[in-house]
Amino acid sequence: MHGKKSVIELTLFLASSLVMASLTVSVGTLWHNANAQNVAKTIGTPGSGDGQLDGPRGIVVDLKGDIYVVDTDNNRIQEFDSNGKFITKWGSAGSGDGQFNSPIGITLDYARGYVYVTDSGNNRVEKFTANGTFITKWGSAGSGNGQFNTPIGIDEDEAKQNVYVTDVGNNRVERFTSNGLFVSQWGSIGSGNSQFNNPGRVALDSHGNVFVADFGNNRIQVFDSNGKFIMTWGSLGQNDGQFYGPTGMTVQLPPGNVYVADSGNGRVQEFTNGGVFLNKWNLPGGEFGSNSNVDLDVNSNGTIFLTNQNAGKIDVISPVSVK
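Student: Just to check I follow, could you spell out the environment of Ala261 for this structure?
Tutor: Position of Ala261 relative to the elements: it lies in strand 21 (residues 258–262). As a C-alpha pair, Ala261 and Leu306 span 45 residues in sequence and 8.2 Å in three-dimensional space. If we ignore the near neighbours within four places in the chain, the residues touching Ala261 are Gly245, Pro246, Thr247, Gly248, Arg267, Val294, Leu296 and Leu306.

Student: What is the right way to read the pattern of salt bridges from this model?
Tutor: Here the idea is simple: oppositely charged side chains can pair when their charged atoms come close. Tallying each qualifying case throughout the model produces 14 salt bridges. Put simply, Asp119 and Arg124 hold a salt bridge, and the shortest N to O gap is 2.7 Å. For Asp119, a relative accessible area of 0% corresponds to the buried category. Accessibility expressed as a relative area gives 5% for Arg124, which makes it buried. One salt bridge connects Arg172 with Asp167, and the closest N-O pair in it is separated by 2.8 Å.

Student: What should I look at first to understand the sheet that holds strand 8 (residues 103–109) in this one?
Tutor: The strands that make up a sheet pair up through hydrogen bonds in the backbone, lying either parallel or antiparallel. With respect to topology, four strands assemble into an open sheet ordered 8-9-10-11, the strand pairing being antiparallel. What marks the edges here is a single partner per strand, and that holds for strand 8 and strand 11 (134–138). Strand-to-strand twist across the sheet, computed as the mean angle between neighbouring axes with direction ignored, equals 20°. Two elements, strand 8 and strand 9 (residues 114–119), share five bridges in a ladder whose sense is antiparallel. From the neighbouring strand, Ile106 faces strand 9, where its bridge partner is Val117.

The rules behind the values
Numbers given to residues run from 1 along each chain, matching the order in which its sequence is written. Only residues with pLDDT of at least 70 get local features here, since the model is predicted, and only at 80 or more are side-chain atom pairs given and counted; chain-wide, interface and lining totals rely on the full set of residues. Here the side-chain values reflect all heavy atoms present in the structure, with hydrogen atoms and water set aside. Elements are defined by DSSP. Helices are runs of H or I of four residues or more, strands are runs of E of two residues or more, and each kind is numbered from the N terminus. What makes two residues a contact is simply this: any of their non-hydrogen atoms within 4.5 Å. Any Lys or Arg side-chain nitrogen located within 4 Å of an Asp or Glu carboxyl oxygen qualifies as a salt bridge. Burial here depends on accessible area, computed with a 1.4 Å probe over protein chains only, as a share of the maximum for the residue type. Under 20% is buried, over 50% is exposed, and the range in between is partly exposed. What makes two strands pair is DSSP finding at least two bridges between them. All axes are obtained by fitting lines to C-alpha atoms, using only the stretch in contact for helices, and the reported angles, taken between N-to-C directions, cover 0 to 180 degrees.

Listed below in structure tokens is the structure:
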């Protein structure tokens, strides 16, 4: 952990502590037996200089292969090229336009060149050009429509220009237009269908279906674009298809496979769009845990880019799994 803790870190710490209490198997064995050869290279080093990272969280890769990462504890966004060379940065600590207080999630509008960031500590979403020029913002603290209690995950349906945000403290998903007008919301606290226990990342497939990493319930839930429940998969455990604190998640377009950062089990898992387990990548021992809020994205050839919050770097994972 780095620096002063944000509300979301405390929230997820409490949630993961409850999960730990109910886990009867040890994840330490998995960490010590992890396959380090999966990590092809790393990007960034700990620090606050250009190209350095402090508690990185959200990450997204654009169509050119450039990498945008939320450098959370430095309160900024950094952009790297596909080889990991620093390109640019923007943001600073504060509550003004273009400033951040513990930013967490990030997504791109690839066609129009927009960047959306969940500014969690300020309970808002900020919208920028791809070069970091501030465009607009929306949200405030609360539980009403269009308000947030620590927003985390964010993704956009580019065809309909709808933006979906996981509002973790209110245990719901909110939908907005691309300019921030509230459209709808769904969810409440619980473990039933359409209920959440600290929902984390959100991702959309090419059909507009909405995938949510339901962190505290150790599962993935899937909804249509209007929030109608479709299906769920996952449970607490170490077996293939089970989770121990799923944090990061993305949907590869195409073919629509779902990748999940199963943080407490120290691995990434890949599923079909319908939740059938396909592959896993075990990660270097000791670097991840259920309190490490890692995120990930996947490029077109299946290379995984994983933020390593504890180590202040990005791990680049080979698309060939090592089981």
